[in-house]
Amino acid sequence: MKNENGELRIDSNFFLKRYLSEKNNLLNKKITKLGNIAFVTDGQHGYYERDEKSKIHMLAARNCKNFFADLMDAEPLAKWVDDKNKRSSLQEKDIVLSTRGTVGFCAIVLEDVLPANINQDVARIQLLTNDIIPEFLIIYLNCKYGQDWMIKNQTGMVQQGISLDKVRRIPIPIFSDTFQSKIESLVKSAHAKLEESKSLYSQAEDLLLGELGLKDWQPKNTLHTTKKFSDFAQSGRLDAEYYQPKYDEIEKELSRFEQIKIKDFINYPVSSGSTPKAGDSQYYADCNDGIPFLRAVDIVESRIDTNDLIYIKKDVHNELLKRTQLKKGDVLFSIAGTVGRCGIFDYDFEANINQAIAILRFDETKLKHLYVVQFFNSRIGQLIIQKYARQGLQTNLNLDELSNLPIPILPEQIQKKIASLIQQSFECKAQSKQLLEDAKRMVESEIEKN
């Protein structure tokens, strides 16, 4: 059967009833195609050059997840690459949209991520008219009408994708300036809450580092160090990274405080998960009848991000992976790939973890959960993790090394203050998310009005 664009489609998912219903609802509104109101392009194909000194970043699909573009793990891009690809050089109020892998991540570009460019798996959408407000467009593309249209029109076997031509064909409803302005106001309020969340998070780190006397600490510019053979024998490490002078310096600074190793305050053995064979249908499920299966990428800003979860079958969770079933309050620590991401699992739903995550389960007798999370996510905590992480094809930290990581014990009242700031940060972020959900519902309801 051919679709409205004359393409032959025989896959059953293309003809789901909800897609037909949504199509009919849109046809009852004044609509235009995205390509009629916006310039749409993708980013650099093939080779590009990193430059650690550059202030220009290359945004990938992961940077388009949560309505507002971010720089998490974005690579610094050589200026010549940006100069060569000005068509994809981002400007404020552009929309970025993932077109490969997980199709449909969509975010608005604000000043805090600029200057930036995009890779080949991301589309840049630059509005060419004032009839559509960017904040309205970002909500529409993230609501069920925008998302379902893109999912319906994606193609591919191993990896899903949506072509730029199809992105240009996305139907966009035309609503009054008054209605769009209401959506714009909600989006701006959501962003303000998100900024408040970031500020509270920064206050928590400042308080932590201030109490440690390390707020302005920088390693000395020592270019070499001398070690005895006995040092190698004692540590069992031959990699040069482990012996960098900055690690000795920070350990000396922290020696002023009482410290405790992870293995000495947990009440459950440090355990990592395992990953069933990727893509094997006997293990994996969908969101309706599966159990969330957390990966390192899901640990974001000290918490678990639930926006792009994958799922395993309930019997896999209850049998094969029973040992790593999560409990509310568990602290999760990434030990492979991007090593050292630390976050709290503070949800009531069931979940499990893959092999790149370890569980730290403990009561709060000596250390508060959120204090531990904040310490290891701080730049000082990350420095300690860097020392013990082993470099290779994939950076990793084994469970024994993780168990022996030290953490300073600050007074309980300071730990409580740090934990309170982090919790307030979480609450502001939740409020931001709720405002965006409200905006989505408003757009969907407006489309569905007779």
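The rules behind these values
- Along each chain, numbering runs from 1 in the same order as the chain's sequence is written.
- Given that the model is predicted, a residue must reach a pLDDT of at least 70 before its local features are reported, and side-chain atom pairs must reach 80 or more before they are shown or counted; all residues, however, enter totals for whole chains, interfaces and linings.
- Water and hydrogen atoms were dropped before computing side-chain values, which therefore reflect all heavy atoms in the structure.
- In this scheme, strands are said to pair when DSSP sees at least two bridges between them.
- Only DSSP runs of H or I reaching four residues or more are called helices, and only runs of E reaching two or more are called strands; each is numbered from the N terminus.
- Using a 1.4 Å probe on the protein chains alone, a residue whose accessible area is under 20% of its type maximum counts as buried, one over 50% counts as exposed, and one in between counts as partly exposed.
- By convention in this document, the label disulfide applies to cysteine sulfur atom pairs within 2.5 Å.
- Buried residues of nine kinds, namely Ala, Val, Leu, Ile, Met, Phe, Trp, Tyr and Cys, make up a nonpolar core once their side-chain atoms join them within 4.5 Å.
- A pair of aromatic rings is counted whenever rings of Phe, Tyr or Trp (Trp by its six-membered ring) have centres within 6.5 Å, and the orientation is called stacked for planes under 30 degrees apart, edge-to-face for over 60 and tilted otherwise.
- Contacts are residue-level and defined by heavy atoms, with any inter-residue pair within 4.5 Å sufficient.
- Every residue carries a pLDDT, the predictor's confidence in it, which falls somewhere between 0 and 100.
- Nitrogen and oxygen atoms within 3.5 Å of one another constitute a polar contact, given that in protein one can donate a hydrogen and the other can accept it, and given that sequence-neighbouring residues count only through two side-chain atoms.

J.: I'd like to hear about the sheet that holds strand S9 (residues 122–127), residue by residue, with values.
T.: Reading across the sheet, the five strands line up as S2-S9-S6-S7-S4 and stay open at both edges, with mixed pairing between neighbours. Every other strand in the sheet has two partners, leaving strand S2 (38–42) and strand S4 (67–68) as the edge strands with one partner each.

J.: So what about helix H11 (residues 369–377)? Which residues, and what values?
T.: Judged by how many residues are buried, H11 sits mostly within the fold: eight of nine residues are covered. Those residues of H11 that sit buried are His369, Leu370, Tyr371, Val372, Val373, Gln374, Phe375 and Phe376.

J.: Break down the state of the cysteines for me, with residues and values.
T.: A complete count under the given rule lists zero disulfides for this structure. Unpaired in terms of disulfides, Cys106 finds its nearest cysteine sulfur in Cys64, a separation of 7.8 Å. Sulfur of Cys143: no disulfide; nearest cysteine sulfur belongs to Cys106 and is 10 Å away.

J.: Give a detailed account of the sheet that holds strand S13 (residues 284–285), specifying residues and quantitative values.
T.: Strands pair in a sheet through their backbones, by hydrogen bonds, and they do so in one of two ways: parallel or antiparallel. Here we have four strands laid out as an open sheet, ordered S13-S17-S14-S20, and mixed in their pairing. Where the open sheet ends on each side, the last strands, each with one partner, are S13 and strand S20 (352–353). As judged from the two bridges shared by S13 and strand S17 (residues 310–312), these two strands associate in the antiparallel manner. Following the sheet pairing, Tyr284 is matched in S17 by Ile312.

J.: Could you give me a rundown of the nonpolar core, with the residues and numbers involved?
T.: Membership of the largest hydrophobic core comes to 52 residues, with the highest contact counts inside it found for Ile262, Phe265, Phe333, Phe376, Leu402, Leu405 and Ile407. Counting residues per element, this core draws most heavily on helix H14 (residues 412–448), which supplies seven residues.

J.: An account of the packing of aromatic side chains is requested, with residue identities and associated values reported.
T.: Under the definition given, this model contains 10 aromatic pairs. For the ring pair Phe265 and Phe362, a centre distance of 4.9 Å and an interplane angle of 85 degrees mean the geometry is edge-to-face. In this pair, Phe265 sits in the loop between strand S11 (259–261) and strand S12 (271–272) while Phe362 sits in the loop between strand S21 (357–360) and H11, placing the two residues 97 residues apart along the sequence. Summarising the burial analysis for this pair, Phe265 and Phe362 share the class buried. Each ring, one from Phe333 and one from Phe376, has its centre 5.5 Å from the other, and the planes form 80 degrees; the classification is edge-to-face.

J.: Please set out the environment of Leu208 residue by residue, giving values where relevant.
T.: Positionally, Leu208 belongs in helix H7 (residues 177–211). A relative accessible area of 0% places Leu208 in the buried class. Expressed as a C-alpha distance, the spacing of Leu208 and Leu410, which sit 202 residues apart in the sequence, is 8.8 Å. Ignoring any residue separated from it by four or fewer positions in sequence, one finds Leu208 in contact with Tyr371, Gln374, Phe375, Ser378, Leu410 and Ile418.

J.: Summarise the confidence of the model for the protein chain; cite the residues concerned and give the values.
T.: Counting all residues, the mean pLDDT for the protein chain is 89, and 90% of those residues have values of 70 or more. Ranking the elements of the protein chain by mean pLDDT puts helix H8 (residues 229–235) last, at 48, and helix H4 (residues 134–142) first, at 98. Low pLDDT (under 50) marks residues 229–233, which in the prediction has five contacts with non-local residues, meaning those over four places away or in another chain.

J.: Tell me about the side chain of Asn63, residues and numbers included.
T.: Here Asn63 lies in the loop between strand S3 (57–59) and S4. What makes Asn63 buried here is its relative accessible area of 0%. In this structure the side chain of Asn63 is engaged in a polar contact, spanning 2.9 Å, whose partner is the backbone oxygen of Met72. When near neighbours in sequence (up to four residues on either side) are disregarded, Asn63 contacts Met58, Phe68, Ala69, Asp70, Leu71, Met72 and Ala74.

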